[in-house]
Amino acid sequence: MPSKLAKYRSKRDFEKTQEPSGSAKVRKTEYPRFVIQKHDASRLHYDLRLEHDGVFKSWAVTKGPSLNPKDKRLAVEVEDHPLDYGDFEGTIPKGEYGGGTVMLWDRGYWLPEGNENVDEALRKGELKFVLAGDKLQGGWVLVRMKGDRDGGKRNNWLLIKHKDQWASSDGDAALRKDKSVASGRTMQQIAGGKGKAPTPFMLGRKHAFNPDAVWNTSKGEPPDPPPARKRRAPREKAARKAAKEDAGGDTLLGITISKPDKPLWPADDGEAPVTKLELARYLDEVGDWMLEHIEGRPCSVIRAPDGIDGERFFQRHGMRGMSDEIDLVSVSGDREPYIEIDSAEGLIAMAQVAAVEYHPWNCAPFAPDIPGRLIFDLDPAPDVDFDEVVEAAKEMRERLEALGLVAFCKTTGGKGLHVVTPLKAGKASRLGWDEAKTFAHTVCAQMAEDSPDRYLIKMTKKLREGRIFLDYLRNDRFSTAVAPLSPRARPGAPVSMPLTWVQVRAGLDPARFNIRTAAKLIAKSKAWEDYGEAERPLHKAVERLVRAHVRTDLASVE
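Every chain's residues receive numbers from 1 upward, in the order its sequence appears when written. Predicted model: local features are reported for residues with pLDDT of at least 70 only, side-chain atom pairs are reported and counted for 80 or more only, and whole-chain, interface and lining totals are derived from all residues. To obtain the side-chain values, all non-hydrogen atoms of the structure were included, while hydrogens and water were left out.

**Concerning the pattern of salt bridges**
Salt bridge, as applied in this entry: a Lys or Arg side-chain nitrogen positioned within 4 Å of an Asp or Glu carboxyl oxygen. All told, the structure shown has 27 salt bridges when counted by the stated rule. One salt bridge in this structure joins glutamate 89 and arginine 185, with 3.0 Å as the shortest N-O distance. One end of the pair, glutamate 89, is in the loop between strand E4 (73-81) and strand E5 (90-92); the other, arginine 185, is in the loop between strand E9 (156-161) and helix H3 (187-191), and 96 residues separate them in sequence. Close ionic contact of lysine 262 with aspartate 306 constitutes a salt bridge, the shortest N to O distance being 3.8 Å. You can see lysine 262 sitting in the loop between strand E11 (255-256) and strand E12 (263-265) and its partner aspartate 306 sitting in the loop between strand E14 (299-303) and strand E15 (313-315), a full 44 residues away along the chain. Summary of the burial criterion: residues with accessible area below 20% of their type's maximum are buried, those above 50% are exposed, and those between are partly exposed, where the area comes from a 1.4 Å probe applied to protein chains only. With relative accessibility at 28%, the residue lysine 262 sits in the partly exposed group. Put simply, Glu395, Arg399, Asp450 and Arg454 are held in one network by salt bridges that share partners. A run of H or I in DSSP counts as a helix once it spans at least four residues, and a run of E counts as a strand once it spans at least two, with each numbered from the N terminus.

**Overview of the sheet that holds E14**
Pairing in this open sheet of 3 strands is antiparallel, and the strands run E15-E14-E18 from one edge to the other. At either end of the open sheet lies a strand with only one pairing partner, and these are E15 and strand E18 (355-360). Here the strands of the sheet are splayed against their neighbours by 20° on average, with no regard to which way each runs. For two strands to pair, DSSP has to find at least two bridges joining them. Bridge analysis of E14 against E18 gives 5 bridges, and the strand direction is antiparallel. What counts as an axis is a line fitted to C-alpha atoms, over the stretch in contact for a helix, and the angles between N-to-C directions run from 0 to 180 degrees.

**Section: the sheet that holds strand E22 (residues 408-411)**
What the 6 strands build is an open sheet, ordered E24-E25-E21-E23-E22-E26; its pairing is mixed. Only two strands of the sheet have a single partner each, and these edge strands are strand E24 (455-456) and strand E26 (498-499). Of the pairings in the sheet, the one linking strand E21 (residues 373-380) to strand E23 (residues 417-422) comprises 6 bridges and is antiparallel in character. Bridge assignment links leucine 378 to a residue of E23, and that residue is leucine 417.

**Structural notes on the packing of aromatic side chains**
Classification of ring pairs rests on two measures: the distance between centres of Phe, Tyr or Trp rings, Trp counted by its six-membered ring, which must be within 6.5 Å, and the angle between planes, read as stacked under 30 degrees, edge-to-face over 60 and tilted in between. With the rule as written, the count across this model stands at 12 aromatic pairs. Relative to tyrosine 531, the ring of tryptophan 528 has its centre 5.3 Å away and its plane inclined at 5°; by these criteria the two rings are stacked. These aromatic residues form a ring-pair network of at least three members: Trp289, Phe408, Trp528 and Tyr531.

**Structural notes on the pairing of strand E25 (residues 468-471)**
The alternating pattern of E25 places Ile468 and Leu470 on one face and Phe469 and Asp471 on the opposite face, and all of these are buried. Pairing analysis gives 4 bridges linking E21 to E25, with the strands arranged antiparallel. Opposite aspartate 377, over in E25, you have aspartate 471 as the bridge partner. Of the pairings in the sheet, the one linking E24 to E25 comprises 2 bridges and is parallel in character. Residue leucine 456 lies in a different strand from E25, and its bridge partner there is phenylalanine 469.

**Quick notes on helix H7 (residues 386-402)**
Between its terminal C-alpha atoms H7 stretches 25 Å, which fits the 24 Å expected from 17 residues at 1.5 Å a residue. By the burial criterion, the buried members of H7 are Phe386, Val389, Val390, Ala392, Ala393, Glu395, Met396, Arg399 and Leu400. Contact between two residues is taken to exist if any of their heavy atoms lie within 4.5 Å; hydrogens are not considered. For H7, the secondary structure elements touched by its buried residues are E21, E22, E23, helix H8 (433-450), E24 and E25. In this structure aspartate 385 caps H7, since a side-chain oxygen of it lies 2.9 Å from the backbone nitrogen of aspartate 387. Residue glycine 404 follows H7 closely and has a positive phi angle near 85°. To estimate how far a helix should reach, multiply one less than its number of residues by 1.5 Å. Think of a polar contact as two N or O atoms within 3.5 Å of one another; within protein, one of them needs to be a possible hydrogen donor and the other a possible acceptor, and neighboring residues in sequence only count if both atoms come from side chains.

By themselves, these figures tell us nothing about what the structure is for.
See the structure below:
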């Protein structure tokens, strides 16, 4: 759209500056985005940019956005900017137009209030809108002034915060959050070309550009993904049954369990110790059920060769001497191959090396870069009754279902509960791990904000008393969560037990689910039976979340 960017291009000599010309391919999203760039040019200011009709409508806010509705901050309308400019963090060379350091101070999504037509609102000179960003949220309004208050020809507006739950009498409170939302860097670090590269928001590549001091668009594409791997063909059930019958008592699926009587869990509450062979037999019984949730995903394990009271170690990478039944997979970002368990035989092979816990990634099967599920970990303080955790799980379910997702629940094998929602992959998967984590964070933050006496999202121990920590941090590319039906390295050999929502009620006792009870219970249970059909696209849930955010803001605007 040359006409919309003609003014932008006319101000820049692209033989002298490497600023984007607007030709880069920009990732499509369901909602329009906004960015705010802190710009240390001839005068320090903050550039507000709202995505609309293929460009960024832009204003230079001289003192930065204020959270105080009584403040009216001057916002000078400037030329439309290309959308790829929304990933710009660096330094424009001195002597060029706008020369100086630029920080990506805030970014997120925006919507006009109600059904207002943006073009008509801009023509009339009053645009009311809602921001959902990292630092700025809630309702705002841009009001055009009748004339330049300094007598010039500038197109001046006023940026004003609406009175809502995100307003504050401390107008500059947000401005003191003075690090980049894209790289975590200060202005000084950006000017010096130091620190981490910023993560992209507009561009559809892994990195927008390197953390050098001058904007450079010729950084190349991200490395090619690893070649697709063939899935191991699982044994037919009949063949597996025959293998069991033909083998000896210490051999399962062709794998011999050495030291079968080795206690891995000590005697507890009158029960005999749980042996290595019992672990293998348990995994054989629940293997088909577990594989649906661990197959095709890198899987970290906790091994306890001398039992859970002995030395334990955490293992995520392959090592010399591992069974051929355990797959190894290369993952971008790590040179060492990861463990992956894609068959019942693989589970038995892990039992043979005393793997007592299984923690897979939460990606889509065979697609580490695509979120496959979200995990909400409800972790109570020691003084919180478990019935309160049950109520928290029900509330989380209601919130997720209101956003169009399907929720499932399981015990953690400890003191908490996991609420899990499967995500649709493939062509319907438009969002990545950054958006998944932000979504989970927002859901938990809203729940904590609505009931601050019951929930919190900070893990600070001194704040935990009497409350439940809503842990959203498992929703990251390299993060893991204990697998359904995985044993835990805790007294009594508990397991992470999938539940029906009927079971999630007062009086629920997680301790009843252990290695010696879980296999029979899950065989008769209807828990998670529709999990495979419950996948929903994340972008639809984000859309509903933003719309709900907008409705809340509109209701609070005076």
